[in-house]
Amino acid sequence: MSKLKVAVFKFSSCDGCQLQFLNLEEELLQLTEVVDFALFYEARSSVEPGPYDISFVEGSISTPHEVELINNVRRESKIVVAIGACATSGGIQALRNWANLDEFKSYVYPRPEWIEVLKNAEPPSKFIKVDYEIRGCPVSKEQLLSFILQYMRGKIPTLPVSPLCIECKVAGNVCVLVVSGTPCLGPITMGGCGAICPSYGRGCYGCYGPAVDPQAPAMNRLFKELDLKPKDIQLLFKQFVNWAKGFKEVVEEYE
Amino acid sequence: MSITGLYVSRLDALPKIFTELQRLNYTVVGYKVVNNVLRLDRLNTFEEVATGVEDVQNPGRYYLIPGNFHRHGPDSPKNFLYPPRLPLFEVSPEWGVVVKDYSKDLRLAFFGIKSCDLTSIKVLDRVVSDVDETYVSIRGNSVIVVENCTQPGNTCFCNTMGAGPRARDSFDIAYTRLGSKLVVEAGSDLGLKIINRLAVEPIDDSTYSEFESVMTKAALKARANFETENLPELLELRLESNAYKEVVKRCLGCANCNLVCPTCFCFDVLDVLRIDGSAERVRVWDGCLNYTYAQVAGGHFRPDLWARYRHFILHKFTYWIKQFGTFGCVGCGRCITWCPAGIDIRDSLLRVLKGGVI
Ligand code: SF4
Ligand code: SF4
Ligand code: SF4
Ligand code: SF4
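Let us look at the structure shown here. (Residues numbered from 1 in each chain as written. Chains lettered and ligands numbered in written order. Predicted model: local features only at pLDDT ≥ 70, side-chain atom pairs only at ≥ 80, totals over all residues. Heavy atoms only, no water.)

With that settled, consider the packing of helix H10 (residues 216–225) of chain A against helix H11 (residues 230–237) of chain A. Residue and element names in this part refer to chain A. The geometry of H10 relative to H11 is characterised by a closest axis approach of 10 Å and an angle of 145 degrees between their N-to-C directions. The chirality of how H10 crosses H11 is right-handed. Along the contact surface, H10 presents Ala216, Met219, Asn220, Phe223 and Lys224, while H11 presents Ile233, Leu236 and Phe237. Taken together, the residues that form the contact of H10 with H11 break down as six nonpolar, one polar and one charged. (Axes fitted to C-alpha atoms, helices over the stretch in contact; angles between N-to-C directions. Helix = DSSP H or I, 4+ residues; strand = E, 2+ residues; numbered from the N terminus. Left-handed = near helix turned anticlockwise from the far one by under 90°. Contact = heavy atoms within 4.5 Å. Nonpolar A, V, L, I, M, F, W, Y, C, P; charged D, E, K, R; others polar.)

Here the focus is the environment of A:Ile79. Residues and elements named next belong to chain A. Locating isoleucine 79 in the fold gives a position in strand E4 (residues 77–83). Under the relative-accessibility criterion, isoleucine 79 is labelled buried at 10%. Residues isoleucine 79 and glutamate 122, 43 residues apart in the sequence, show an inter-C-alpha distance of 20 Å. When sequence neighbours within four positions are dropped, the list of residues in contact with isoleucine 79 reads Asp53, Ile54, Ser55, Arg74, Asp131, Tyr132, Phe147 and Tyr151. (Buried < 20%, exposed > 50% of the residue type's maximum accessible area, 1.4 Å probe, protein only.)

All names here are of chain A. Considering the arrangement of structural elements, one finds serine 60 in the loop between strand E3 (52–58) and helix H3 (64–76). Side chain to side chain, serine 60 and glutamine 93 meet in a polar contact 2.7 Å long. Residue contacts for serine 60: discarding those within four places in its chain leaves Phe11, Ser12, Glu66, Cys86, Ala87, Gly90, Gln93, Ala121 and Glu122. (Polar contact = N/O pair within 3.5 Å; in protein donor to acceptor, adjacent residues only side chain to side chain.)

Let's shift gears to the site of ligand 1. Taken together, A:Leu164, A:Cys165, A:Cys168, A:Lys169, A:Cys175, A:Val176, A:Leu177, A:Cys184, A:Gly186, A:Pro187, A:Pro198 and B:Asn256 form the complete shell of residues around ligand 1. Near ligand 1, the surrounding residues belong to chains A and B. Broken down by secondary-structure element, the contributors of at least two residues to the shell around ligand 1 are helix H7 (164–170) and helix H8 (176–180) of chain A. Residue contributions to the shell around ligand 1 peak at four residues, all from H7(A). When its residues are assigned to classes, the shell around ligand 1 shows nine nonpolar, two polar and one charged. (Near = heavy atom within 4 Å.)

In this section: the nonpolar core. Judged by nonpolar contacts, the single largest core of 110 residues is most densely connected at A:Phe237, B:Leu235 and B:Phe317. Top contributing element to this core by residue count: helix H10 (residues 305–324) of chain B, with eight residues. For B:Leu235, the residues in contact, after removing those within four places along its chain, are B:Tyr244, B:Ile313, B:Leu314, B:Phe317, B:Thr318, B:Leu349, B:Val352 and B:Leu353. Counting 28 residues, the second-largest nonpolar core is a separate cluster that includes A:Leu4, A:Cys17, A:Val81 and A:Phe147. (Core = buried A, V, L, I, M, F, W, Y, C linked by side-chain atoms within 4.5 Å.)

The full count for this structure, using the stated rule, is 24 aromatic pairs over all chains. For the ring pair B:Phe18 and B:Phe111, a centre distance of 5.4 Å and an interplane angle of 85 degrees mean the geometry is edge-to-face. In this pair, B:Phe18 is assigned in helix H1 (residues 13–23) and B:Phe111 in strand E8 (residues 108–114), connecting sequence segments 93 residues apart. Residue B:Phe18 shares its accessibility class with B:Phe111, and that shared class is buried. Through successive ring pairs, a cluster of aromatic residues spans A:Phe21, A:Phe37, A:Phe40, A:Phe56, A:Tyr132, A:Phe147 and A:Tyr151. Its end group placed over the ring of A:Trp243, A:Lys248 keeps NZ or CZ at 4.0 Å from the ring centre. In this arrangement the basic side chain of B:Arg283 is found over the ring face of B:Phe267, its NZ or CZ atom lying 5.9 Å from the centre. (Phe/Tyr/Trp six-rings, centres within 6.5 Å; stacked < 30°, edge-to-face > 60°. Lys NZ or Arg CZ within 6 Å of the ring centre and 35° of its normal.)

Laid out in structure tokens, this is it:
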């Protein structure tokens, strides 16, 4: 069997998602026997030109230059897989979509007029066709591996599709909302992390993004009933996936 | 059915029943307090059994206070008989298939579970016995020591569903705590054998009338505001009720109701692939409130949340009767307590029955 030719691209992001490939430590060497990481700047300096079987894309699209690059990626790839909160929803960078861009630029850069950015940080799917999304901030390395293994064996890759609460119960946790009124975004968040936060008695922060059919208005309503301050409710939704379906609308309500 | 009638002993007979079960090589499973919540768990000693606490359960809220009677927590016997995550078989890199065998080693004794829990096992017996070998083997080796509920809680409505608070059949031993006395009865030869090793006497008149009055009062407390007579038909007549749409304005679509329900049996099947070429097929809990549950190739049976919630209600109270000859609800109240939004299935039914208004 010829090796799967894989590229790992980075856009506006922190590199944490692609790092998850390297965090596969134990499986990594075995993985390289079947996968050729043809382009992976974080791991190797040599680059093989496309086309690629799979391109994993990390980060949001936030500059005109990135729009050009992401279109190139699409052209060079059989399938494009968006990985992480930034590449699936705009991520942390999208927080700036809610603020005054010129003001930001003037704080950060000595010559703000040289900075050419898009009005909003957006997920790649806004510009190109994305075939699969792997969620999380960062993504789970198990899901990256599982995706590749499924694809290699000719199976249509399946990824988690249930709200986090199901994983939370399967993990044997007690619901933090019910026992302590701790705000938890689990009901409207996609599973996949194994309910890490509720397993430690904290509410889910929503980093895996919206569930398939997120009932964000009902979640918002519940938080209001828990007597949370409007600002605090907004901050719950205005985190990793503030620009995502469902979350965005609630953030807007409190702007 | 009780095969002995009622006997009286003292409270200290309980630890004896416990150790007797262990002596017979059973792993005892009962309610213990973990982080201020009653959890159904394996117990090594009788001292681990929850004591001195009462669970306060209300829609979307749960906590413990000092008290002398506890009911249950988010877990139910389902967690052991129909586990949340069950590896079904292993596939080796050479495509050899090894089916998991759960028939050995698992001898479970449920100790101090409540009548609703017992009834939920009876319901599962009807639902999955023909199709789930794992269930059959674990269940076949299990023993049930049930406690009659003298103090039903705020979310309990087992009496309405004919599931409690007193256990009538299908147990090995049923017991009732009355002050320092313990009322016991055996429902099987094994139960009888154990009771024979205790210091018991036939129940006396005054204890009997105390028992009757406590259980009658408990039964009145464990009732909902609706009756089950013609309930399946009435619900079907109100299929188009607007009440479902009203109720789900609060619903998060999280499926916690399905997961904590002791009779919900729906599942998903996942394949876990490993880098060495091996794989595992796993069964995990799922539920009808989850959007993707009724999604199939080419479409979706219930894309709207209200339709999913309606299905939950109709399955429990209408379709289950047609499918399995019993209600799918035992009135344990778990779906009420453990719904983060505090949606109360009793209210939902009332709303539907009364045409959308309560
Ligand atoms: S703790 Fe959060 S994720 Fe877990 S069941 Fe409760 S709401 Fe859902
Ligand atoms: S529902 Fe009935 S049997 Fe179950 S805990 Fe409540 S009173 Fe006891
Ligand atoms: S539907 Fe609710 S009350 Fe009825 S058995 Fe299930 S969890 Fe208990
Ligand atoms: S537990 Fe409550 S909020 Fe969650 S799906 Fe069930 S009814 Fe809706």
